[in-house]
Amino acid sequence: MSRQYRVAVVGATGAVGHEMRSILAERGFPVSELLPLASRRSAGIELEFGKECVECRELTPDSFAGVDIALFSAGASISREYAPIARDAGCVVVDNSSAWRVEPNVPLIVPEVNPHDADTHQGIIANPNCSTIQMVVALKPLHDAARIRRVVVSTYQAVSGTGAKAVTELIRQSDEILEGTPPLIEIYPHQIAFNCLPQIDAFLDDGSTKEEYKMVEETKKIMGDDSIAVTATCVRVPVYNGHSESVNLEFERDLSPERARDLLSAARGIVVSDDPDSLIYPMPIVASGTDPVYVGRIRRDSTVAHGLNLWIVADNLRKGAALNAVQIAELLVERDLVSVPG
Ligand code: A2P
């Protein structure tokens, strides 16, 4: 019988943790035992895992004894504290937070783009930022064909990326506004219902935000090419789930929209949805709850020598977080990498 693994999900009660549990079950990951971990508040509650219910336990430094793989989705401070503890207990960590992504000896993996980077892991592997993941899945086949020089991206990011409480806030504020009462603002710096916020995460000294910085740095690391110039504007929009991106690309060599469409159609994990005559293009309501990265509105940008515009949409909780993390775990199994180098 092939090997089965003890798998911990840290942050198992959260929006991404919920998706991690269901995706592990859906994809038939070889789990001998699932260990859901969360804060003390959630200890003892029953959580679904496939057709079973598993009791959630409190995350403590002793949680990882005998665990083979831990998927972390409880935020950066928990990851910073507990990922090294898990690794030292012999458990390979796939971390969904930003805590380890730019560390030089931590691979940052999108399985469709740079699976080989997992080969040298030292116990912690980082799962990229949601907006970066869906973009690089689409960029990779185009970069291989015509070499991308510059990326200008604007994002339209759903509230589910902030967590379960932000979804509740959007619903509540929408009700309040429609009823004519002033909306209560708890999660974001401003009202999110019927609004757009050109701020995701904190501002940096140069006027960009941390989310924009992540897109720039992570894209270069995953693509393994520091020469790609990336500039990003990240915007939170009142969409429940599914991030959208307007992406403008400048290439070294010519790449026609037809050839780009063919390359993207042939690439793993991508669905080309691009038929403007029939009003078909990617939308969050179509992408939500599904696995692919959808690409459409593929057209020339004739203001530069070799330019293309794309519109990219994916489920940020699935491909942007939980699915990518589970795919990394699958990669570890396929390549026999489920062990922490001594
Ligand atoms: P809990 O539900 O017990 O608070 P989201 O991103 O959807 O808000 O989810 C955050 C996840 O991180 C939840 O599973 C939450 O568990 C978990 N979490 C928050 N704080 C801690 C903590 N101190 N220890 C362990 N898990 C935590």
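Conventions and cut-offs
- Residues numbered from 1 in each chain as written.
- Predicted model: local features only at pLDDT ≥ 70, side-chain atom pairs only at ≥ 80, totals over all residues.
- Heavy atoms only, no water.
- Near = heavy atom within 4 Å.
- Polar contact = N/O pair within 3.5 Å; in protein donor to acceptor, adjacent residues only side chain to side chain.
- Areas by Shrake-Rupley, 256 points an atom, 1.4 Å probe, with all protein chains shown as cover.
- Nonpolar A, V, L, I, M, F, W, Y, C, P; charged D, E, K, R; others polar.
- Pairing = 2+ DSSP bridges.
- Helix = DSSP H or I, 4+ residues; strand = E, 2+ residues; numbered from the N terminus.
- Contact = heavy atoms within 4.5 Å.
- Axes fitted to C-alpha atoms, helices over the stretch in contact; angles between N-to-C directions.
- Core = buried A, V, L, I, M, F, W, Y, C linked by side-chain atoms within 4.5 Å.
- Buried < 20%, exposed > 50% of the residue type's maximum accessible area, 1.4 Å probe, protein only.
- Domains from an automatic or database assignment.
- Parallel < 35°, antiparallel > 145°, perpendicular 65-115°, else oblique.
- Left-handed = near helix turned anticlockwise from the far one by under 90°.
- Buried area = accessible area lost by both parts, 1.4 Å probe.
- Salt bridge = Lys/Arg side-chain N within 4 Å of Asp/Glu carboxyl O.
- Phe/Tyr/Trp six-rings, centres within 6.5 Å; stacked < 30°, edge-to-face > 60°.

**Q** Would you explain the site of the ligand in this entry?
**A** The environment of the ligand is made up of 15 residues, and the closest members are Thr13, Ala15, Ser39, Arg41 and Ser42. Separating an oxygen atom of the ligand from a backbone N or O atom of Ala15 is a distance of 2.9 Å. Between Ser42 and the ligand, the recorded distance is 2.5 Å, taken from a side-chain N or O atom to an oxygen atom. Taken by itself the ligand offers 570 Å² of open surface, and the protein chains cover 70% of this. Residue composition of the shell around the ligand, grouped by class: 7 nonpolar, 7 polar and 1 charged.

**Q** How should the sheet that holds strand S1 (residues 5–10) be read in this particular structure?
**A** The pairing of strands in a sheet happens through backbone hydrogen bonds and is either parallel or antiparallel. If you trace the 6 strands from one edge of the open sheet to the other, you get S5-S2-S1-S6-S7-S8, paired in parallel fashion. Every interior strand has two partners, whereas the edge strands, strand S5 (57–58) and strand S8 (124–126), have only one. Here strand S7 (residues 92–95) pairs with S8 via 3 bridges, running parallel. Bridge assignment links Val94 to a residue of S8, and that residue is Ile125. Strands S1, strand S6 (69–72), S7 and S8 of the sheet are contacted by helix H2 (residues 76–88), whose axis makes an angle of about 175° with S6.

**Q** Looking at this structure, I do not really get the nonpolar core. What am I missing?
**A** In a soluble, globular protein the nonpolar side chains are often hidden away together inside. Core analysis: the largest hydrophobic core is formed by 59 residues, its most contacted members being Phe64, Leu142, Val151, Val247, Leu249 and Val295. In terms of residue count, helix H3 (residues 130–146) provides more of this core than any other element does, 8 residues in total. Looking at which domains feed residues into this core, each of domain 1 (5–127 + 321–334) and domain 2 (132–316) gives three or more. Setting aside residues up to four positions removed in sequence, Val247 forms contacts with Met135, Leu139, Val151, Val152, Val153, Leu308, Asn309, Leu310 and Ile312.

**Q** What am I meant to see in the packing of helix H1 (residues 15–26) against helix H8 (residues 318–334) here?
**A** To describe two helices that pack against each other, one gives the angle between their axes and the distance between the axes. Two elements in contact, H1 and H8, have axes whose closest approach is 9 Å; the angle formed by their N-to-C orientations is 50°. Viewed along their axes, H1 and H8 adopt a mutual orientation that is oblique. With respect to the hand of their crossing, H1 and H8 are arranged in right-handed fashion. Facing Val16, Glu19, Met20, Ile23, Leu24 and Glu26 of H1, the residues of H8 in contact are Arg318, Ala321, Ala322, Leu323, Ala325 and Val326. When the residues that make up the contact of H1 with H8 are grouped by side-chain class, the tally is 9 nonpolar, no polar and 3 charged.

**Q** Is there a simple way to think about the sheet that holds strand S12 (residues 270–272) in this case?
**A** Spatially, the 6 strands line up as an open sheet ordered S10-S9-S11-S14-S13-S12, and their pairing is mixed. The strands lining the two open edges of the sheet, one partner per strand, are strand S10 (229–236) and S12. The sheet shows a mean angle of 20° between the axes of neighbouring strands, direction not considered. Of the strands in this sheet, S12, strand S13 (293–300) and strand S14 (307–314) are in contact with helix H6 (residues 257–266), which crosses S13 at around 170°.

**Q** Even after reading the chapter, I still don't get the side chain of Ser244, so can you show me in this structure?
**A** Within the secondary structure, Ser244 is located in strand S11 (residues 243–251). Given a relative accessible area of 3%, Ser244 falls into the buried group. With residues near it in sequence (within four places) discarded, Ser244 still touches Gln134, Ser154, Thr155, Tyr156, Pro284, Trp311, Ile312 and Val313.

**Q** Got a minute to help me understand unusual backbone geometry in this structure?
**A** Both trends apply: most residues other than glycine have a negative phi, and most peptide bonds are in trans. At Leu279, a position not held by glycine, the phi torsion is positive, near 60°. By the element assignment, Leu279 lies in the loop between S12 and helix H7 (284–287). Judged by relative accessible area, which is 62%, Leu279 ranks as exposed. Within the chain, Arg297 stands out as a residue other than glycine whose phi angle is a positive 50°. Summarising the element assignment, Arg297 is placed in strand S13. On the basis of relative accessible area, Arg297 is assigned to the partly exposed category, the value being 36%.

**Q** For this particular structure, what's the right way to read the domain arrangement of the protein?
**A** Accessible area lost upon the coming together of the parts serves often as the stated size of an interface. Segmentation of the protein into domains returns domain 1 (5–127 + 321–334) and domain 2 (132–316). Tallying the contact residues gives 17 residues for domain 1 and 17 residues for domain 2. Of all residues in domain 1, Leu108, Glu112 and Val113 bury the most surface against domain 2, accounting for 36% of the area lost on that side. Applying the counting criterion to the domain 1 and domain 2 interface returns 1 salt bridge. Note that Glu218 and Arg101 form a salt bridge whose closest N and O atoms lie 3.1 Å from each other. Scanning the region where domain 1 abuts domain 2 turns up 6 residue pairs in polar contact (both at pLDDT 80 or more). It is H8 that contributes the most residues to the side of domain 1 that touches domain 2, 3 residues altogether. Class assignment for the residues of the side of domain 1 that touches domain 2 results in 9 nonpolar, 4 polar and 4 charged.

**Q** Would you take a moment to explain the packing of aromatic side chains for this structure?
**A** For the structure shown, the criterion picks out 3 aromatic pairs. Ring geometry for Phe64 versus Phe72: centroids 5.8 Å apart, planes at 15°, classification stacked.

**Q** Quick question: what am I supposed to make of the environment of Gly14 here?
**A** Here Gly14 shows up in the loop between S1 and H1. A C-alpha to C-alpha distance of 6.6 Å links Gly14 and Ala164, two positions 150 residues apart in sequence.

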